[in-house]
Amino acid sequence: MTETVLTPPSERAARKATPGEERAPRRSGRRRIALPYLLLLPALLLELLVHLVPMLMGITMSFRELTQFYIRNWSEAPWSGLDNFTVAIDFDAPVGQALFKSFLTTCLFTVLSVGLCWLLGTAAAVFLQENFRGRGFLRTLFLVPYALPVYAAVITWAFMFQRDNGIINHVLHDQLGIGDSPAFWLIGDNSFWALLVVSVWKGWPFAFLTVMAGLQNIPRDMYEAAALDGAGVWKQIRHITLPSLRPVNQVLVLVLFLWTFNDFNTPFVLFGKAAPEAADLISLHIYQSSFQTWNFGTGSAMSVLLLLFLLVVTGVYLLLTTRGRKATDV
């Protein structure tokens, strides 16, 4: 008979694993680490193709004398160095003056639009925090402008702003008797206010949705304690709501600023390829400088300058808000 020798557990644990047994756990660990990156790889490739590659091409085009003669093969366009940038920032020349005026118009438009969007969104979110009948319907109704496609919404506003058969003039002039004659909303100085109305109508639901989500994180006990101490509604908003919403508002204002300053769809659909001088936003101005004069080098230089401006403003804003948050926490 063959004797069976049992190996004690201590001896089995003391034995060294074979090389194949050592490599197996290491391989499985590497696979676990590499799996998230493999899953992110398609999104990164699409991001590279959709955003980074066109941006790099635009930067390269800004250093070339790219006109309609080199559209078929833009890489053969002559190298111009910083000449396109010099033309764009020469404020004594017509091109630079027009760009600077468009920049000022865009700054004013952005400040008004972002401010009104934030104000309306915050007011609506605070108002809908209380329980009352029909609150769910109002929440849904307020989000309709944000859910509608941009082109369909702006085209509808363009019809509403028509001078002779638009509903805006019908209500203001025919029904309320405001003004001696129906106003031109899509040309002249009124075009700026028409564009502002459409931008605010389209953008404030996003502010409303963001602030409403931020209000859910504020404990109701704080409002109840403040009410017991005799604080009214305005004091509660000033000392509880706004300080608690500061991190949310910092991100919200930055996102609204970037969206509004870069907005191209709204003025393009509302006015067409050539916007009135009063509503000549810089995004549409760059488009006209590139595709109407066929000077893509200068247009690309303007786009690069706009990108640098937005990067600087964003960096300064984040720096100031971060310091302010640290000072408040201390």
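**Some details on the overall build of the protein chain**
Here's step 1: Along the backbone of the protein chain there are 15 helices and zero strands.
Here's step 2: Looking at the protein chain as a whole, 32% of its 330 residues are labelled buried.
Here's step 3: By sequence separation, contacts in the protein chain at least 24 residues apart represent 64% of the contacts at least 6 residues apart.

**A look at unusual backbone geometry**
Here's step 1: In this structure, Trp294 takes a positive phi of about 60° despite not being glycine.
Here's step 2: Mapped onto the elements, Trp294 comes out in the loop between α14 (282-291) and α15 (296-329).
Here's step 3: Judged by relative accessible area, which is 41%, Trp294 ranks as partly exposed.

**A closer look at the side chain of Ser113**
Here's step 1: Here Ser113 is to be found in helix α4 (residues 94-127).
Here's step 2: The contacts of Ser113, once residues within four sequence positions are left out, are Leu196, Ser199, Val200 and Thr260.

**Topic: the layout of surface pockets**
Here's step 1: Each pocket or cavity is described by its volume, and for the largest pocket that value is around 830 Å³.
Here's step 2: If you go around the largest pocket, you meet 23 residues; those closest to its centre are Pro54, Met55, Ile286, Ser303 and Val304.
Here's step 3: Residue assignment for the lining of the largest pocket shows that the elements contributing at least two residues are α2 (19-61), α14 and α15.
Here's step 4: A class-by-class count of the residues in the lining of the largest pocket yields 15 nonpolar, eight polar and no charged.

**Some words on the pattern of salt bridges**
Here's step 1: Taken as a whole and judged by the stated rule, the model has three salt bridges.
Here's step 2: The salt bridge partner of Asp164 is Arg163, with a shortest N-O separation of 3.0 Å.
Here's step 3: The exposure class assigned to Arg163 is partly exposed, which follows from its relative accessible area of 26%.
Here's step 4: For Lys202, the salt bridge identified is with Asp263, shortest N-O distance 4.0 Å. Of this pair, Lys202 sits in helix α9 (residues 190-215) while Asp263 sits in the loop between α12 (246-261) and α13 (265-271); the two residues are 61 residues apart in sequence, bridging distant segments of the chain.

**Topic: the packing of α9 against α12**
Here's step 1: Between α9 and α12, the least distance of the axes is 10 Å, while the angle of their chain directions is 160°. Classed by the angle they form, the pair α9 and α12 counts as roughly antiparallel. Considering the relative orientation of α9 and α12, their crossing is right-handed. Contacts between α9 and α12 involve Ser199, Gly203, Phe206, Ala207, Thr210, Val211 and Gly214 from the first element and Val248, Asn249, Leu252, Val255, Leu256, Trp259 and Thr260 from the second.
Here's step 2: Considered class by class, the residues forming the contact of α9 with α12 number eight nonpolar, six polar and no charged.

**Describing the nonpolar core**
Here's step 1: Counting 41 residues, the largest nonpolar core has Phe161, Leu195, Phe208, Leu256, Leu270 and Phe271 as its most contacted members.
Here's step 2: Contributing elements (two or more residues each) for this core: α4, α7 (150-160), α9, α10 (220-228), α12 and α13.
Here's step 3: The biggest single contributor to this core is α9, with 13 residues.

**Examining the packing of aromatic side chains**
Pairs of aromatic rings are described using the distance from one ring centre to the other and the angle between the two planes.
Here's step 1: One pass over the structure, following the stated rule, counts 23 aromatic pairs.
Here's step 2: An aromatic cluster of at least three residues, connected via ring pairs, comprises Phe264, Phe268, Tyr287, Phe291, Trp294 and Phe296.

**Re the environment of Leu284**
Here's step 1: Along the chain, Leu284 turns up in helix α14.
Here's step 2: The spacing of Leu284 and Thr266 is 18 residues in sequence and 9.7 Å in space, taken between C-alpha atoms.
Here's step 3: Those residues within four positions of Leu284 in sequence are excluded, and the remaining contacts are Phe264, Pro267, Phe268, Gly272, Lys273 and Ala275.

**Focus on α7**
Here's step 1: Of all the positions in α7, only Ala153, Val154, Trp157 and Ala158 are classed as buried. Axial view of α7: buried residues confined to an arc of 140°, hence all on one face.
Here's step 2: Looking at the buried side of α7, the elements it contacts are α8 (167-175), α9 and α13.

Procedures and definitions
Residues numbered from 1 in each chain as written. Predicted model: local features only at pLDDT ≥ 70, side-chain atom pairs only at ≥ 80, totals over all residues. Heavy atoms only, no water. Helix = DSSP H or I, 4+ residues; strand = E, 2+ residues; numbered from the N terminus. Buried < 20%, exposed > 50% of the residue type's maximum accessible area, 1.4 Å probe, protein only. Contact = heavy atoms within 4.5 Å. 1 Å grid on protein atoms, 1.4 Å probe; cavity = no way out; pocket = protein on both sides within 12 Å on 5 of 7 lines; lining within 4 Å. Points joined across faces, edges and corners; volume = space filled by probe spheres on them. Nonpolar A, V, L, I, M, F, W, Y, C, P; charged D, E, K, R; others polar. Salt bridge = Lys/Arg side-chain N within 4 Å of Asp/Glu carboxyl O. Axes fitted to C-alpha atoms, helices over the stretch in contact; angles between N-to-C directions. Parallel < 35°, antiparallel > 145°, perpendicular 65-115°, else oblique. Left-handed = near helix turned anticlockwise from the far one by under 90°. Core = buried A, V, L, I, M, F, W, Y, C linked by side-chain atoms within 4.5 Å. Phe/Tyr/Trp six-rings, centres within 6.5 Å; stacked < 30°, edge-to-face > 60°. Arc of directions from axis to C-beta.

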